[in-house]
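Residue strings, one per chain:
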Amino acid sequence: QVQLVESGGGLVQAGGSLRLSCAASGRTFSTYAMGWFRQAPGKERECVAIISDGGGFTYYADSVKGRVTISRDNAKNTVYLQLNNLKPEDTATYYCAIARRSWRFSTTENEYGYWGQGTQVTVSS
């Protein structure tokens, strides 16, 4: 059974940093895109960052570009999200996700079939 376990969320002051991790188990995902989405209270879930299977291609939402870095370690079946210069508007529950199909790079939520339970990021002003 596939499991995605996230860690690294927390409470941080504006301007601070956090590193989110998401470890997958149950199968190998080295040929699947992985990503991070977030959902703030009262808002729809949005794509934050995506990384291709080999790590050669990345996508960042405009709202986080320049402040966020996504990376992965296929040997550990893990994806990371480094969040820097955090802003109060970054406050949300962050979810890691893995694509439904191999070799497919997408920012569309329904292209992702495996999801973590979510980790809360709260940024105080």
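These lines cover the structure that appears in this document, whether it is placed above or below.

Thresholds applied
Sequence positions are assigned chain by chain, starting from 1 and proceeding in written order. Given that this is a predicted model, residues contribute local features only at a pLDDT of at least 70 and side-chain atom pairs are listed and counted only at 80 or more, while totals for whole chains, interfaces and linings are drawn from all residues. Note: side-chain values were computed over all heavy atoms of the structure, leaving out hydrogens and water. For the purposes of this analysis, a disulfide is any pair of cysteine sulfur atoms at a distance within 2.5 Å. Only DSSP runs of H or I reaching four residues or more are called helices, and only runs of E reaching two or more are called strands; each is numbered from the N terminus. Burial status follows relative accessibility: with a 1.4 Å probe on protein chains alone, a residue under 20% of its type maximum counts as buried, one over 50% as exposed, and anything between as partly exposed. Throughout, a contact is declared for two residues whenever any of their heavy atoms are within 4.5 Å.

1. Here's the deal with the state of the cysteines
- Enumeration according to the criterion identifies one disulfide in this entry.
- Each sulfur of the disulfide joining Cys 22 and Cys 96 lies 2.0 Å from the other. Measuring handedness by torsion sign, the sulfur bridge of Cys 22 and Cys 96 sits at about 45° and is right-handed. Residue Cys 22 is found in strand β3 (residues 18-25), and its partner Cys 96 is found in strand β9 (residues 92-99); the two are separated by 74 residues along the sequence.
- Looking at the unpaired Cys 47, the closest cysteine sulfur is the one in Cys 96, lying at 13 Å.
- Note on Cys 47: relative accessible area 12%, which makes it buried.

2. Observations concerning the environment of Phe 57
- For Phe 57, the position within the fold is in the loop between β5 (46-51) and β6 (58-60).
- With a relative accessible area of 62%, Phe 57 lands in the exposed category.
- Along the backbone, Phe 57 and Val 121 are 64 residues apart, and their C-alpha atoms lie at a distance of 25 Å.
- Among residues more than four places away in sequence, those in contact with Phe 57 are Ile 50, Ile 51, Ser 52 and Phe 105.

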